[in-house]
Amino acid sequence: MSENEGKKIGSHGVPIAEVIPLAAMRKMIADHMIKSHLTSARVTVLEEMDVTEFVALRNELIKDPGKTGGIQISYTHLFIKAIAQALRKHMILNSTLVDNEIQVLEDINIGMALALPDGNLIVPVIHQADKKNIVEIAQRAKDLQERAKIGKLILDDVRKGTFTLTNIGMLAGSRWTTPIINQPQCAILGTGAIRQAPVVRNDQIVIRSVVSISLTFDHRIVNGLPASLFLQTFSQMLENPSQIELGI
């Protein structure tokens, strides 16, 4: 008797080990991703940034919890604050394309891509992130993460996002990503794991903390120069985090 006799054969002519029904949320995510893939003219810019002082800032906030009222500040929280501040200077990336017009949006609402325990993905939003101090961002992010894990988010938690951050840095060794734009937004920024690497400084090779950054943007809305200028501003804040307006 053939080893595969009696087994269901898939479309590739290979026996099927398991059939996983496409759950409602997974189907919604798949449809949304396909829509983005077919709609936007995607371009991804990859950069590596020196975050040695950025890491030092975060360590300082951890060592002195009095500055944040005992609220733990993560790299994600600091990234969100820096993104929001950079967007205020480069508002074209905080926009959407509707019919034949580009609408530059007044509010800066940062979506935060989260992986759920069941493997699905959801993007809750920190509204008006540019107007929140770092503690308010951390509190809001923690609340969204906790409620997302137990399925307690409400519709307003995931609406009105204008820009998205996806941070894969919690996975050791993760560096580059080419994230898909969260339609109808203009852009999404991906951050990899912070790691130690040799860097040239003053003609000397030194070990610094670096992070890989990926910015995917819709070329229908914005060209390479404005996107690169946004990344330049973002990079300057990570390299000189005193420029990040923590508000504490």
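### Things to note about helix α5 (residues 224–239)
Then step 1. An ideal rise of 1.5 Å per residue puts 22 Å on 16 residues; α5 measures up with 22 Å between its terminal C-alpha atoms.
Then step 2. Among the structural elements, β1 (42–50), α2 (52–63), α3 (75–89), β8 (163–167), β9 (187–191) and β11 (204–218) are those in contact with the buried residues of α5.

### Considerations on the packing of α2 against α3
Then step 1. Running from N to C, α2 and α3 point in directions that differ by 120°, and their axes come no closer than 10 Å. Taken together, the axis directions place α2 and α3 in an arrangement best described as oblique. Read as a crossing pair, α2 and α3 show a hand that is right-handed. When α2 is examined against α3, the residues F54, V55, L57, R58, N59 and L61 are found in contact with a partner set consisting of Y75, L78 and F79.

### Quick look at the packing of aromatic side chains
Then step 1. What the rule picks out here adds up to 5 aromatic pairs.
Then step 2. Judged by centre distance (6.0 Å) and plane angle (25°), the rings of F54 and Y75 are stacked. Of this pair, F54 sits in helix α2 while Y75 sits in helix α3; the two residues are 21 residues apart in sequence, bridging distant segments of the chain.
Then step 3. Judged by its relative accessible area of 0%, F54 is buried.
Then step 4. Given a relative accessible area of 21%, Y75 falls into the partly exposed group.
Then step 5. Pairing F230 with F234 gives two aromatic rings, centres 6.4 Å apart and planes at 5°, and the pair type is stacked. One end of the pair, F230, and the other, F234, are both in helix α5, 4 residues apart, so they sit about a helical turn from each other.
Then step 6. Judged by relative accessible area, which is 0%, F234 ranks as buried.
Then step 7. Ring pairing ties together the aromatic residues F54, Y75, F79, F163, F230 and F234, which thus form one cluster.

### As for α3
Then step 1. End to end, α3 covers 21 Å across 15 residues, agreeing with the expected 21 Å (1.5 Å per residue, within 8%).
Then step 2. Those residues of α3 lying buried are T76, H77, L78, F79, I80, K81, A82, I83, A84, Q85, A86 and L87.
Then step 3. By the N-cap criterion, in which a side-chain oxygen at the helix start approaches the backbone nitrogen of a residue two or three places on, α3 is capped by S74, the distance to T76 being 3.3 Å.

### Digging into the nonpolar core
Then step 1. Of all hydrophobic cores here, the largest spans 53 residues; its most connected members are I83, I110, F163, L189, L215, F230 and F234.
Then step 2. Among the elements that line this core, the one with the most residues is α3, at 8 residues.
Then step 3. For F230, the residues in contact, after removing those within four places along its chain, are I83, A86, L87, H90, L93, F163, L189 and L215.

### Thoughts on the side chain of S95
Then step 1. When you line up the elements, S95 lands in strand β2 (residues 95–98).
Then step 2. There is a polar contact of 2.5 Å between the side chain of S95 and the backbone oxygen of I92.
Then step 3. In this structure, S95 is in contact with I102, Q103, V104, L105, P184, Q185, C186 and I221, ignoring residues within four places of it in sequence.

### Some words on the packing of α3 against α5
Then step 1. As a packed pair, α3 and α5 sit with axes 9 Å apart at the nearest point and diverge in direction by 135°. Judged by the inter-axis angle, α3 sits oblique to α5. As α3 packs across α5, the resulting crossing turns out to be right-handed. Residues F79, A82, I83, Q85, A86, L87 and K89 of α3 form the contact with α5, whose own contacting residues are F230, T233, F234, M237 and L238.
Then step 2. Taken together, the residues of the contact of α3 with α5 sort by class into 9 nonpolar, 2 polar and 1 charged.

### Digging into the pairing of β2
Then step 1. Here β2 pairs with strand β3 (residues 101–104) via 4 bridges, running antiparallel. Following the sheet pairing, V98 is matched in β3 by E101.
Then step 2. Connecting the antiparallel pair β2 and β3 is a turn made up of 2 residues, with D99 showing a positive phi of about 55°.

### Structural notes on the environment of R159
Then step 1. Within the element layout of this structure, R159 appears in the loop between α4 (134–149) and β8.
Then step 2. For the pair R159 and I126, spaced 33 residues apart in sequence, the C-alpha to C-alpha distance is 9.8 Å.

Reading the values: rules and limits
- Residues numbered from 1 in each chain as written.
- Predicted model: local features only at pLDDT ≥ 70, side-chain atom pairs only at ≥ 80, totals over all residues.
- Heavy atoms only, no water.
- Helix = DSSP H or I, 4+ residues; strand = E, 2+ residues; numbered from the N terminus.
- Expected span 1.5 Å × (residues − 1).
- Contact = heavy atoms within 4.5 Å.
- Axes fitted to C-alpha atoms, helices over the stretch in contact; angles between N-to-C directions.
- Parallel < 35°, antiparallel > 145°, perpendicular 65-115°, else oblique.
- Left-handed = near helix turned anticlockwise from the far one by under 90°.
- Phe/Tyr/Trp six-rings, centres within 6.5 Å; stacked < 30°, edge-to-face > 60°.
- Buried < 20%, exposed > 50% of the residue type's maximum accessible area, 1.4 Å probe, protein only.
- Polar contact = N/O pair within 3.5 Å; in protein donor to acceptor, adjacent residues only side chain to side chain.
- Core = buried A, V, L, I, M, F, W, Y, C linked by side-chain atoms within 4.5 Å.
- Nonpolar A, V, L, I, M, F, W, Y, C, P; charged D, E, K, R; others polar.
- Pairing = 2+ DSSP bridges.

What is shown is where atoms sit, not what they do.
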